[in-house]
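Each chain is listed here by its residues.
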Amino acid sequence: MFSITGISALSVLVASSVSVTANARSADDARARKFIAEHETRIRPLEKAVSLAWWNANVSGKDEDFKVKEQAQNKLDEALADRERFAELKAVKQLKLRDRLLARQMDVLYLLYLEKQVDPDLLKKITAKAIAIEQAFNVFRARVDGREMTDSEVRKLLKESKDSAQRKAVWEASKAVGPGVEKDLKELVGLRNEAARKLGFKDYHVMQLFLNEQTQEPVLRLFDQLDDLTREPFRRAKAGIDAKLAMNCGISVDELRPWHYHDPFFQESPAVFDTDLDAVYAGVDILKLCKDYYAGIGLPIDDVIARSDLYEKPGKSPHAFCTDIDREGDVRVLANIVPNEYWMNTMLHELGHAVYSSKNIPRTVPYVLRIEAHILTTEGVAMMFERPAKSADWLQKMGVTVPDPKGFYETGATMQRNQLLIFSRWCQVMLRFEKELYSNPDQDLNKLWWDLVEKYQRVKRPQGRNAPDYASKIHVVVTPAYYHNYMMGQLFASQVHHTIARRVLRTAPDKALYVGHTGVGEFMKKRVLAPAKTMPWNALTKYATGEELNPKAFAADFEGK
Ligand SMILES: [Zn+2]
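Attention here is on the structure that accompanies the text. Every chain's residues receive numbers from 1 upward, in the order its sequence appears when written. Per-residue local features are limited, in this predicted model, to residues with pLDDT of at least 70; the limit for side-chain atom pairs, both in listing and counting, is 80 or more; totals at the level of whole chains, interfaces and linings are taken over all residues. Values shown for side chains rest on all heavy atoms present in the structure; no hydrogens or waters enter the calculation.

What to know about the nonpolar core
Trp-394 and Met-524 are the most contacted members of the largest nonpolar core, which has 163 residues in total. Think of it this way: any DSSP run of H or I at least four residues long counts as a helix, any run of E at least two long counts as a strand, and we number them from the N terminus. Counting residues per element, this core draws most heavily on helix H17 (residues 405–439), which supplies 14 residues. Note on contacts: a residue pair is in contact if any heavy atoms of the two residues lie within 4.5 Å. Excluding residues that lie within four positions of it along the chain, Met-524 makes contacts with Leu-299, Val-381, Met-384, Phe-385, Val-496, Ile-500 and Leu-529. With eight residues, the next largest nonpolar core counts Ala-142, Val-144, Met-149 and Ala-173 among its residues. Here the nonpolar core consists of buried residues drawn from Ala, Val, Leu, Ile, Met, Phe, Trp, Tyr and Cys, with membership extended through side-chain atoms lying within 4.5 Å. Summary of the burial criterion: residues with accessible area below 20% of their type's maximum are buried, those above 50% are exposed, and those between are partly exposed, where the area comes from a 1.4 Å probe applied to protein chains only.

Overview of the layout of surface pockets
Grid spacing is 1 Å over the protein atoms alone, the probe is 1.4 Å, and a cavity is where that probe fits but cannot get out, while a pocket is an open set with protein on both sides within 12 Å along at least five of seven lines and lining residues have an atom within 4 Å of a point. Grid points are joined across faces, edges and corners, and a volume is the space filled by probe spheres set on the points. By volume, the second largest pocket is sized at about 770 Å³. Secondary structure elements with two or more residues in the lining of the second largest pocket: helix H16 (392–397), H17 and helix H23 (552–558). Among the elements that take part in the lining of the second largest pocket, H17 stands out by supplying six residues, more than any other. Classes in brief: Ala, Val, Leu, Ile, Met, Phe, Trp, Tyr, Cys and Pro nonpolar; Asp, Glu, Lys and Arg charged; the others, Gly included, polar. Residues of the lining of the second largest pocket, tallied by class, amount to 13 nonpolar, five polar and eight charged.

A short note on helix H20 (residues 484–505)
Expected helix span is computed as 1.5 Å times (number of residues minus one). Given a rise of 1.5 Å per residue, 22 residues ought to cover 32 Å, and the 30 Å separating the end C-alpha atoms of H20 matches this to within 8%. Within two residues after H20, Arg-506 carries a phi angle of roughly 50 degrees, on the positive side.

Some points on the pairing of strand S4 (residues 331–334)
Look at any regular strand and the pattern is simple: side chains alternate between the two faces of the sheet. Side-chain alternation along S4 places Val-331 and Val-333 on one buried face and Arg-332 and Leu-334 on a second face that is also buried. One requirement defines pairing of two strands: DSSP has to find at least two bridges between them. Examined bridge by bridge, strand S3 (residues 321–324) and S4 share four bridges and lie antiparallel to one another. What sits directly across from Thr-323, in S4, is Arg-332. Connecting S3 to the antiparallel partner S4 that follows it, the hairpin turn spans six residues, and Arg-327 within it adopts a positive phi of roughly 60 degrees.

Re the environment of Met-415
Along the chain, Met-415 falls in helix H17. With 367 residues separating them along the chain, Met-415 and Lys-48 place their C-alpha atoms 39 Å apart. Not counting the four nearest positions on each side in its chain, Met-415 is found in contact with Ser-269, Ala-271, Leu-277, Glu-341 and Lys-390.

Comments concerning the coordination of the zinc ion
Six octahedral donors around a metal ideally make angles of 90 or 180 degrees; four tetrahedral donors ideally make 109.5 degrees. Around the zinc ion, the protein contributes the donor atoms His-349 (NE2), His-353 (NE2), Glu-379 (OE) and Glu-379 (OE), at 2.1 to 2.8 Å from the metal centre. Distances define the donors: N, O and S atoms within 2.8 Å of the metal qualify, as do those within 3.2 Å of Na, K or Ca. Water is excluded, so some sites may look unfinished. In this scheme the shape depends on donor count and angles: four donors with every angle between 85 and 135 degrees give tetrahedral, four or six donors with opposite pairs above 155 degrees and others between 65 and 115 give square planar or octahedral in turn, and any other case is irregular. Taken together, the four donor atoms coordinating the zinc ion span angles of 50 to 146 degrees at the metal, a pattern that classifies the geometry as irregular. A relative accessible area of 4% means that Glu-379 is categorised as buried.

Examining the packing of aromatic side chains
Pairing of aromatic rings covers Phe, Tyr and Trp, the last counted by its six-membered ring, and requires centre-to-centre distances within 6.5 Å; plane angles under 30 degrees mean stacked, over 60 mean edge-to-face, and any other angle means tilted. For the coordinates displayed, the defined rule picks out 23 aromatic pairs. Ring centres 6.1 Å apart and planes at 90 degrees place the aromatic pair Trp-55 and Phe-321 in the edge-to-face group. In this pair, Trp-55 sits in helix H1 (residues 2–60) while Phe-321 sits in strand S3, placing the two residues 266 residues apart along the sequence. With respect to burial, Trp-55 and Phe-321 carry one shared label: buried. Between Trp-171 and Trp-450, the ring centres sit 6.3 Å apart and the planes meet at 55 degrees, which makes this aromatic pair tilted. Note that Trp-171 is positioned in helix H7 (residues 164–174) and Trp-450 in helix H18 (residues 445–457), a separation of 279 residues in sequence.

Below, the structure is given as structure tokens:
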């Protein structure tokens, strides 16, 4: 009896302490819910205003539109910088929240607010500086012999000219934006570092990675692995490319300089093989092909196309991007389509981003998490979808006549393989340059840039050139410490593609074409798109592919296995 009473008294005690904890926990959850609800009310309209203003400014290129964008950004930054809100956020984040989704939202919000916890005047200076440089890029056109060239014209000439002197002149003209923005860029780096140090980080690069749920060491380890994996295959591939480039211009391989490659940074595979992929695309309706392709795999994008701005016009940004305006399905692409392989590739890429947006993320995912898991996962999806642009099989399945399918196939396959190798070496330069740029901005950056280019890309620096060529890469300004994510995105692209080949199409990865297979869309929606930011990037990678991010599938792709 006694013992029974004792036991029941004890269980009452235990039960009541459990329920006290439960009550405290649900009070904690309620506090988190309240914070998130208030966040949405305050921040959501400001985020939408920034997206819209950014879109408008890039479409028009007008000073007043850039001013509106700057003001909208400042308003958002000020709201996120609120000290009291951040204190409450930190307090709630430390509680043991019962609801996993709430905890995840608090983690994501913490990083979002943390970035803005710098002195508001310093933040404004950073934003103004970045926008001024971005605008200089947008309106910059290379000038050769007094004539302005569009970005597409520069690319076309670098692709086609056999005249070294002409190539050199155009290449140098395309770099002229660098000296114009160098001073501003160095000031911007200084301001960014100042902001990072005030928040307790060593420098801006370290902070930027932390804010994106990464750390320098494992990222560098992954890049060292990639360096080892790609060094020899790259050297061999480049020897073949160099021989053709030299022959085309009637010079020796030793005389090759950066302007002999087919884009201003040697980040893409030069089109030096027998079949010219552009010839096939000259008569292709790129937009229609994109619509048909995405619809056929169960991921239609017609509504995105309808809202987009897709062709060249004066003042407009010469680049391409996709933006999700409101996380409610207003998704748009800015592009400058001309009928060639580059724009086929770019459109497939940007529409890949469009697919991975609030268009396909269920509305049941909370607003805070209704975005891609990470920049590397959205780049990965975009890169996975851009790959067929170089495939004759793909074109034929899409109903396009390819006059020389065998030639196109061989050229396309070689370019694809070269592209992956060239891109990975280029990303090595960007990651290592940016890390150094922020850890030691006072060093000789002109020299550092060319040291890295020579080491990783094996491109000889122009003799006697002492110019800020790093400053002609817009990404250093507008998407700092971001570029390594493109490379990690390629790893993600290969890994997801291999999974689709194995699980959905049940074929070898190099045989796996998605055309007409709605199963691809189903897999993508369920395993890659729907979780959105409810999972960190590596958890999503494992959820989608069964493994954490690694270079195995990527290596298999460029080895042509
Ligand atoms: Zn992209």
